[in-house]
Structures are given as structure tokens and as C-alpha cells.
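The chain contents come next:
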Amino acid sequence: METIEKLTTSECIAAKEMWSEIFYEDSEKFTEYYFREKMPDNTGYGLKEEGRLRAMLFLTPYMARILSPDRQGNLFRDVPLCYIVGVGTKKEYRHRGYMDRLLRAALADLYEAEQPFTFLMPADPAIYTPYQFRYIYERPEFSVQKWGRVQAEPMPEGGEAVLAAFAERELEGRYQLFLKRDPSYYKRQKKESLAQNGDIYLWQENGELAGFYLYAEENGKAEIQEALVAEHFAGKKALDISDETKPVIMARITNVSAMLSLMRLAGQEKEETVSLILRVADPLLPGNNGTFLWTVGKKESTIALLDEADEVDACVGIEGLAQFLFGKKDARDVMCGGRKGKPLEDAVSVKLSCIEPLSRVCINEIV
């Protein structure tokens, strides 16, 4: 008999052998780190046959910082999100739809938890595209001038608080969405970098922290996973950021109301609102299907579920909504008018263009 179950913490940790079998490219050192440091915090889902684990999926919790001004004067909001990792099936049990069942179960729970979206780093985007995941973040290639005038040094013990304050300040100044940095984040990240034969390196200028980068080296390949320097330090040319980017993170909206509530109107002019009647279609999460009255302001968004309305401003699929809200596509490319197949009316398009997309994203975490 096949069952889908939430795994206990001990069952999550016991999945290490299966993880090593499926994700054989991960080094033993990194796998040891992951199961010691991160797996105890995860929510695990397992497909079992006669009590034996055949397929697995894990949700790693993170706190995101999202630009979403409120009436109390806060610019950023802390939003809990989950990173989907470790999706795998034992070789002899593949092509039986096990991943499909696990993914649907996890997405349903995230909807009930009112998390706005979830994200993952796909081994193959074609696996997740049918589940309405779309790319939201492309990472640039970083390179460090190791032999320049200013040398970076490994982060010293106890340096996490200074680094966290620097990173949070710099990220808030450049991005609308990133994963929250605090001392515990970098204490764990130090361990993760060391588990990948790397480290966290810091640049100092006049006794002050001016930048950092995360270095890893696995399977003989070196990589800068993330790098950030203060604006005044950029002229030192210690860090190069390429114009070319690589798509790395896909996301899927898991709760429409929670996602829409994050959005704000663009600009800082006088207080105003835009109201739209939006019909959303989601083939996996029934609670996301419906007609919503969405009122967007500069410091608040309200959402009300309507009975089927005769007059609808725009219709959109859940994947198209994500592409619009994350600034990957224009509303006209993913939405149609109130009547299926009809283009958006100009007035509706103008209203949608007033909404500020969450287009400046930074997610460089790998697990």
C-alpha cells in the first residue's frame, strides 16, 4: 500500500542514505553538514510503500525580506517562505508519479499556511514548468581579483553580526526581495561554505567592512556563490560582476490572497489606490481559483473573494500572475480581458502598469 506522509524529524534525518544515493554528486562532507545543520528544521514529505520510503521532498524554512511598505512606516516586511529541496525517488521506483503526489501535497500545505509563494533551484526546469513554476531570479557570474591592491580575508570568529548588518543594509538598498540575514544566518553559512571547501571572505577599508563574497569549491570547480560590495568600494575593482546571468531560481504562487497583499503601487506621490476585478485560474490549488476584488495602494493591498462576477477586468493563470508580479512579463502578455481570449482594455492595462513588480530579487542560497 502506498501512502503520502509527513516525515518525523528522525525520519528526515534517516533519509540521508537515500539522499546520498539520489544526489550522488553532493560530497559526503556537504551531505553531513546539511543533515546535521539544516535537515532538523525541515518539513519532510515521503511516499512510502509498505512503510518503506520510496520518494521524498523537503521544505526548508527561510524568512524573506520583501519591500512592501505599510502604514506604520516600515518599508520591508518579514515573510516566511519555504525552499523546496531534495525532491527525489529511488531509481527503481521512478516514472510512477510519486513526485507529482509529493509536490501536490506540499503545495496544498503551503496554501493552507498562507505562504505567498515557494521557490526552488531546479536540476531541470522542464520538471517543474508543468506545475506552474517560472523563473524569477537570474544570477550573475562573480569574479574576484585575488591579487589586487585590496585583499579579502576569511571572516573571523564572531564576525557574523557585523557582516549581517552590512548585508542587510546593502541588500535593502538594492533589492525588493531577499532572504533575511542575521548573525545566525552567517554562522550557519560559514559552516556551509567550509563544507564546500570554501569560506566567507571579507574586504575591509579603513577598518570598516566594505564587502564580502561566498566561495565554494566542489568537484574541482571553484564558484563565487554570492558577492556584495559597498558603493564607495566598487572603484577598487576587487570584484567583477558580469553582464551575463544564469537563471537559477523558479517560484510558484501558493496563496493568491497572500501574494497580492504584498504588492504596492509604484512611486511616492500622493496617496491613491487602484481597484481591479481579477479572475485567477490555478489547476493545482482550488482555493486560488476565483474572482478577486484587488485594491492596491502605496501602503496597503486588500483582497476580497467575490461571487462569480459578470464584469471582470482581467483573467490570468497562476503562472502568468507570477510572471507579472515578479516583473518578468507585461500584463498584456499573460492576461486577457474579461471575456476569454479578448485583449486587456487600455484602461485596465494602465491600472496594472501602476503596480510595482517585485523584479529586483536576490536569492543565492543553494539549499
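Residues numbered from 1 in each chain as written. Predicted model: local features only at pLDDT ≥ 70, side-chain atom pairs only at ≥ 80, totals over all residues. Heavy atoms only, no water.

Visitor: It is not clear to me how the environment of Ser242 should be interpreted in this structure. Could you clarify?
Guide: Along the chain, Ser242 turns up in strand 12 (residues 239–253). Take Ser242: its relative accessible area is 27%, and that puts it in the partly exposed class. Those residues in contact with Ser242 that sit more than four places away from it in its chain are Pro140 and Glu141. Engagement of the side chain of Ser242 in a polar contact is seen with the backbone oxygen of Glu244, the distance being 2.9 Å. (Helix = DSSP H or I, 4+ residues; strand = E, 2+ residues; numbered from the N terminus. Buried < 20%, exposed > 50% of the residue type's maximum accessible area, 1.4 Å probe, protein only. Contact = heavy atoms within 4.5 Å. Polar contact = N/O pair within 3.5 Å; in protein donor to acceptor, adjacent residues only side chain to side chain.)

Visitor: Would you mind showing me how to read the sheet that holds strand 16 (residues 301–306) here?
Guide: Consider a sheet: its strands pair through backbone hydrogen bonds, and that pairing is either parallel or antiparallel. Taken together, the 5 strands give an open sheet; going across it, the order is 16-15-14-17-18, and neighbouring strands pair in mixed fashion. Strand pairing shows two members of the sheet lacking a second neighbour, strand 16 and strand 18 (335–336), which therefore form its edges. Alignment of strand 14 (residues 273–281) against strand 17 (residues 314–317), held across 4 bridges, turns out to be parallel. Across the sheet, Val280 pairs through a bridge with Val316, a residue of strand 17. In the packing of helix 9 (residues 318–325) onto the sheet, contacts are made with strand 14, strand 15 (290–297), strand 17 and strand 18, and the angle to strand 17 comes to roughly 100°. Strand contacts of helix 11 (residues 346–353): strand 14, strand 17 and strand 18, with the helix running at about 105° to strand 14, the strand carrying the most contacts. (Pairing = 2+ DSSP bridges. Axes fitted to C-alpha atoms, helices over the stretch in contact; angles between N-to-C directions.)

Visitor: Explain the layout of surface pockets here, please?
Guide: The gaps left among the atoms become clear once a water-sized probe is rolled over them. Size it by volume and the largest pocket reaches roughly 1,700 Å³. What lines the largest pocket is a set of 50 residues, among which Phe23, Glu25, Met121, Pro122 and Ala123 lie closest to the centre. Looking at the lining of the largest pocket, the element that brings in the most residues is strand 4 (residues 76–89), giving 7 residues. The class makeup of the residues in the lining of the largest pocket is 29 nonpolar, 8 polar and 13 charged. (1 Å grid on protein atoms, 1.4 Å probe; cavity = no way out; pocket = protein on both sides within 12 Å on 5 of 7 lines; lining within 4 Å. Points joined across faces, edges and corners; volume = space filled by probe spheres on them. Nonpolar A, V, L, I, M, F, W, Y, C, P; charged D, E, K, R; others polar.)

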